[in-house]
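Coordinates in review
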Amino acid sequence: MKKAYLPLLKLTAAPLVLSVVMLSAPAHAQDAAATADEASEDTIVVTGSRIGRPELEGSSPVQVLGEASILQQGSQNISDVLNEMPSIGTGIGRTNSNFLTSGNGVATVNLRNLGNSRTLVLVNGRRVAAGIGGTSAVDINNIPTDLLQRVEVLTGGSSAVYGSEAMAGVVNFILKDDFEGIRGRAQAGITDEGDNGRQMLGLTVGKNFADGRGNITLAGQYDRDTGLRSYKRAISAEDVPFRSSFTPQGRFFVGDTSYTYDPAGNLKEGYDSPVDGYNRNGERYIAVPLERYLLNGLGHFDINDSLTFFAEGTYAKVKSRSRLEPYAFDNSDAQLPDGTILPGISINNPFVPQTIRDAAIAAGETTIGFTKRFNGVFDRSNRADREFYRAVAGLRGTLFGDWKWDAYYNRSQTVENTASETALRDRLYYALDAVGANPATAECRDAAARAAGCKPFNIFGAGTASPESIAYITNNGQLSTYKAKINQEVFAFNTSGSVFRLPGGDVKVAGGIEHRTERSSEIYDAATQSGNTLSNALTNTTGKYRVFEAYGETVVPILSDVPFAEYLGLEAAVRYGDYYDTVGSVWSYKIGGDWAPTSDIRFRAVYSRATRAPNIGELYQGASQTFPSGLTDPCEGVTATSSRPQDTYCRTIPGIAQQIAANGTFVYNNNLDRQSIEGEDSGNRNLKEETANTWTAGVVLTPSFVPGLSVTVDYFNIKVKDAIQLIPRQTAINDCVASAGASALCSLIVREQVGTPRPRTPGTLYQINAYPVNSANIETAGVDVQARYKTSWGEDSSLDVALLYTYLDKLTLQSFAGGDVQDNRGQLNGDGRLGAGFKHRANLSVTYKTGPFSLNWRTNYQSKMQDTLGGNPGLGDENYVKAYWYHDVQARFAVDKDRLEFYAGIDNLFDKKPPVINQNGASNITGTETAADSYDPFGRNLYVGAVFRF
């Protein structure tokens, strides 16, 4: 029987087996308020297990943000709240996505700095389609802030409970699903510089019906973030350390002499960067603008006492855009489909100024080199529209008294359309190759191009290109387009109950099955696929995979309410997954326990094996052009007699042999040889799953002699094996040369051949391709601390103090077995794959309330960091960043406790400026001159708002 049919049998048989062995509670957490924000002493059931237990009683640590905490931060987008949590590292967001070719403005969660793909995001305990094509990274922009009841962050490997992607943990967004009444919220904010305006409107309406047997809740939210331009801040107003030499007026080279135009449009000899250079930061964004339209509906109806129908629906539309400086080009960008590159501007071109032509003739040159920028020709900034749909429908109920079950269908979809203006390489070639006696009679040299409408393009001076030539090279405004479509479809069945009783209580079991289908496609326009636009050549990616999963979990209370054992229990879970289109069978499991000698103290620990199956992009990505930098060639410097270990092999490479014969040695002769090294990234269908061994151990303190105080301290350790990453290009180069050409990695490398039309030195590295492999090892370890103290006096006065703190003991990456281990702890930039490794991060919130008035003060701490320049730690190129404190305040006043409340707040109260990290810094976010994803680039921000209820 074909394997593709096996899940049909499993779907039929598994419920019968699991109902006998292990059964499950619903995936979503039960209705209750979060202890981090509420005074309620009720039992709180949170993420971490599919068997419901209070927040402080599970073996896995969970951090909870309740509605009150979210509102106290005045954030219209929940991603801003999550980014302040010490356990969450740098994801994709509005301050670091301006230069993405797609997905600008997307917001992702990166738990433990292990990457967006290793954090599982749930809504009401159920999966959500990714927001980025080919990945599993969910776009948090689709989460409605005003409908949130709480956010639960499980900070540890959770694959056995929730499945793939939960290696670093789970972020579970719990929505209000039993709301009654009308609640509205309006908020507006702006920085004290008068920019980065933000506004939001939210309305939630809920109604019980049929004598309380049913409820429908509807919520709408609109918000807008106007973004922030780089020139609006002193730190990034100028392109540093120097302005770009690719200028709108052009720069032209004859021998050792360069020419350009002054601001008045006069041709001049020489180039003065501060005067003649181009300030790219005058165009860029620090933070991209974002506009969101969110609509959510939730409902349930009790058909009878033991059967309930429930449904959820979401529609989100997110608009964002990037802003980039116009494209910088030279003769190498004018290229024909056969690879022929325009050698330069002919001295017979009618637009060449006589001064430059005479200098070229005197120097014996027939072509003129140039650099220029496409100002006034086209805008290469991206405009992105994303739409998200999600629908859930199911039944839940009880059997045999206390047995619970649910079954549901969950479908979600993300569609992104991104477009930007461009020009076509072949048309640029023809338009630059002009002939004629003078500019007035100029025409394109190629007859076929003339017949197709070619008009000559004048690059000498700013704004000199004619509208007709612009229309020709841009094909009348043709757009580079990208469309991503991501679909997720889930069928699930869960059930739970108690099987027998031990001295410590009921033994509870849980189990269920799930069938999931993931599809993703990324489609580019034909010109982009062929490489004929003035951007990287990108090809389509399409793929899907299906997985059948079955899981079981149990909680065994061994003892309770006896001396030295207020509670002693064990728990375990196992999950089987069959990725029958890709990696095949995978297993995850966990085992843990907790012991409370008294009601004041509880010890807990859990060990788990987590897995992550490769996503669609890692498996099926089409070849995508890239231009790597910082690569070195072991063959450089070889001579006819040199005796380094690699030299014998290097001399056998034809282009290198030619250079040795001509020049005595092989060297890279100019910057073009290095700067134009290119490559292709593609998928690998032979990938296997990642695995991780994770464990946490900690203590929970709830001292009875200090009412209102709770403290948790947990050690975590996560080791990821066979982590998926692209083969480092330098690794491929080194391995190929060291093996004298015998390594399989040599197939990824192309060297410049003799006689090619490209103006490069023969033998030099021209193309190094890469694809992902299971080669990396990642390890992180540290300590999380949560503390909360709440006390009250009088009838309506209270003080609430909450602390989250993370100490990072280790964050390392080894790209391949035997390779160097990179230590990212205390490193701001990591290595491009891991986020900022702050040794210490803390968030402290203090709320004082009296009568209708409340005041919240919140501070965030980030320890000192090091930004390694050029990847050479210890060689004097470190940029040290001091520790940072940020302070936020918010005041609230209830005019009518049940009807109307006003609030006002200030973020970054003391207007703390971000550290300067210029373009030479490895952690620089282009256009910001700082690490804008780790530090606040906006400055002091003020906001006001109102909440009304009926």
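All residue numbers here refer to positions counted from 1 along the written sequence of the relevant chain. The predicted nature of this model means local features are confined to residues of pLDDT at least 70 and side-chain atom pairs, given and counted, to a pLDDT of 80 or more, with totals for whole chains, interfaces and linings taken over all residues. Side-chain numbers here rest on the full set of heavy atoms in the structure, without hydrogens or water.

What follows is about the overall build of the chain. Here a helix means four or more residues in a row that DSSP labels H or I, a strand means two or more in a row labelled E, and each is numbered from the N terminus. A count of helices and strands for the chain gives 15 helices and 46 strands. Compactness check: the chain gives a C-alpha radius of gyration of 31 Å against a globular reference of 30 Å for 950 residues, within 12% of the reference. For the chain, the C-alpha atoms occupy an extent of roughly 100 × 65 × 55 Å along the three principal directions. Within the chain, buried positions represent 58% of all 950 residues. Considering only residue pairs separated by 6 or more positions, the chain has 71% of its internal contacts joining residues 24 or more positions apart. Calculation of accessible area relied on Shrake-Rupley with a 1.4 Å probe; when residues are assessed, cover is drawn exclusively from the protein chains displayed. Summed over all atoms, the accessible surface of the chain reaches about 37400 Å², with 56% contributed by carbon and sulfur. The sign given to each residue is positive for Lys and Arg and negative for Asp and Glu; His and the chain ends receive no count. Every charge is mapped onto a representative atom, which is NZ of Lys, CZ of Arg, CG of Asp or CD of Glu. Here the chain contributes 89 positive and 103 negative side-chain charges, whose respective centroids are spaced 2 Å apart. We compute the radius of gyration from the C-alpha atoms alone; for a globule the expected value is 2.2 Å times N to the 0.38, where N is the number of residues. The classification of residues rests on relative accessible area computed with a 1.4 Å probe and restricted to protein chains. Under 20% of the type maximum is buried, over 50% is exposed, and intermediate values are partly exposed. We call two residues in contact when some of their heavy atoms are within 4.5 Å.

For the rest of this paragraph, the subject is the state of the cysteines. A pair of sulfur atoms, both from cysteines and within 2.5 Å, is called a disulfide here. Inspection of every chain in the model, using the stated rule, returns three disulfides. A sulfur-sulfur separation of 2.0 Å characterises the disulfide bridge that pairs Cys-444 with Cys-454. Looking along the S-S bond of the Cys-444-Cys-454 disulfide, the torsion reads about -80°, which is the left-handed sense. With Cys-444 in strand S24 (residues 443-444) and Cys-454 in the loop between helix H8 (447-451) and helix H9 (467-473), the pair connects residues that are ten residues apart, well separated along the chain. Since its relative accessible area comes to 0%, Cys-444 is described here as buried. Residue class for Cys-454 comes out buried when judged on its relative accessible area of 5%. Each disulfide pairs two cysteine sulfurs, and for Cys-635 the partner residue is Cys-650, the sulfurs being separated by 2.0 Å. Here Cys-635 and Cys-650 share a disulfide; its torsion about the S-S bond, -80°, makes the bridge left-handed. On the criterion of sequence distance, the pair formed by Cys-635 in the loop between strand S31 (624-626) and helix H12 (647-650) and Cys-650 in helix H12 is long-range, its members being 15 residues apart. Of the two residues, Cys-635 and Cys-650, neither departs from the other in class, the shared state being buried. Within the chain, bonded cysteines paired by disulfides and numbered along the sequence follow the pattern 1-2, 3-4, 5-6.

What follows is about the packing of aromatic side chains. Aromatic pairs are defined between Phe, Tyr and Trp rings, using the six-membered ring for Trp, whenever the two ring centres lie within 6.5 Å; interplanar angles under 30 degrees are classed as stacked, those over 60 as edge-to-face, and all others as tilted. All told, the structure shown has 25 aromatic pairs when counted by the stated rule. Taken together, a centroid distance of 4.0 Å and an interplanar angle of 10° make the contact between Phe-329 and Phe-374 stacked. Placement of the pair is Phe-329 in strand S18 (residues 328-330) and Phe-374 in the loop between strand S20 (367-373) and strand S21 (383-399), with a sequence separation of 45 residues. Taking relative accessible area as the criterion, Phe-329 reaches 0% and is therefore assigned buried. Taken together, Tyr-327, Phe-329, Phe-370, Phe-374, Phe-378 and Phe-457 form an aromatic cluster joined through their ring pairs. Both a distance and an angle decide whether a charge sits over a ring: NZ of Lys or CZ of Arg must be within 6 Å of the ring centre and within 35 degrees of the ring normal. Above the ring of Tyr-271, the side-chain terminus of Arg-251 is found at 3.9 Å from the ring centroid.

A word on the nonpolar core. In terms of nonpolar packing, the biggest core is built from 44 residues, with Ile-78, Leu-82, Ile-140, Leu-148, Val-151, Val-171 and Phe-173 touching the most fellow members. Sorting elements by how many residues they give to this core places strand S38 (residues 797-814) first, with four residues. We define a nonpolar core as any set of buried Ala, Val, Leu, Ile, Met, Phe, Trp, Tyr and Cys residues linked to one another through side-chain atoms lying within 4.5 Å. Formed by 38 residues, the second largest nonpolar core is a distinct cluster that contains Ile-345, Phe-370, Ile-459 and Ala-465.

Attention now moves to the sheet that holds strand S1 (residues 62-66). At least two DSSP bridges between two strands are needed for those strands to be called paired. Across the sheet, five strands lie side by side as S1-S6-S7-S4-S5; this open sheet has mixed pairing. The open sheet has two edge strands with one neighbour each: S1 and strand S5 (126-127). For strand S4 (residues 119-123) and strand S7 (residues 169-175), the ladder comprises five bridges, and the chain directions are parallel. Residue pairing in the sheet places Thr-119 in a bridge with Gly-169 of S7.

Residue-level confidence of the predictor, termed pLDDT, takes values from 0 up to 100. Here the chain averages 90 in pLDDT, while 92% of its residues score no lower than 70. Low confidence marks residues 1-45, where pLDDT is under 50. Its contacts with residues over four positions away, or in another chain, come to 114 contacts. Under a pLDDT of 50 for its full length, residues 870-876 has, in the predicted model, four contacts with residues more than four places off or in other chains.

With that settled, consider unusual backbone geometry. The phi dihedral of Arg-112 is positive, around 60°, even though this residue is not glycine. Within the element layout of this structure, Arg-112 appears in the loop between strand S3 (110-111) and S4. For Asn-124, which is not glycine, the phi torsion reads 55° and is therefore positive. Within the secondary structure, Asn-124 is located in the loop between S4 and S5.

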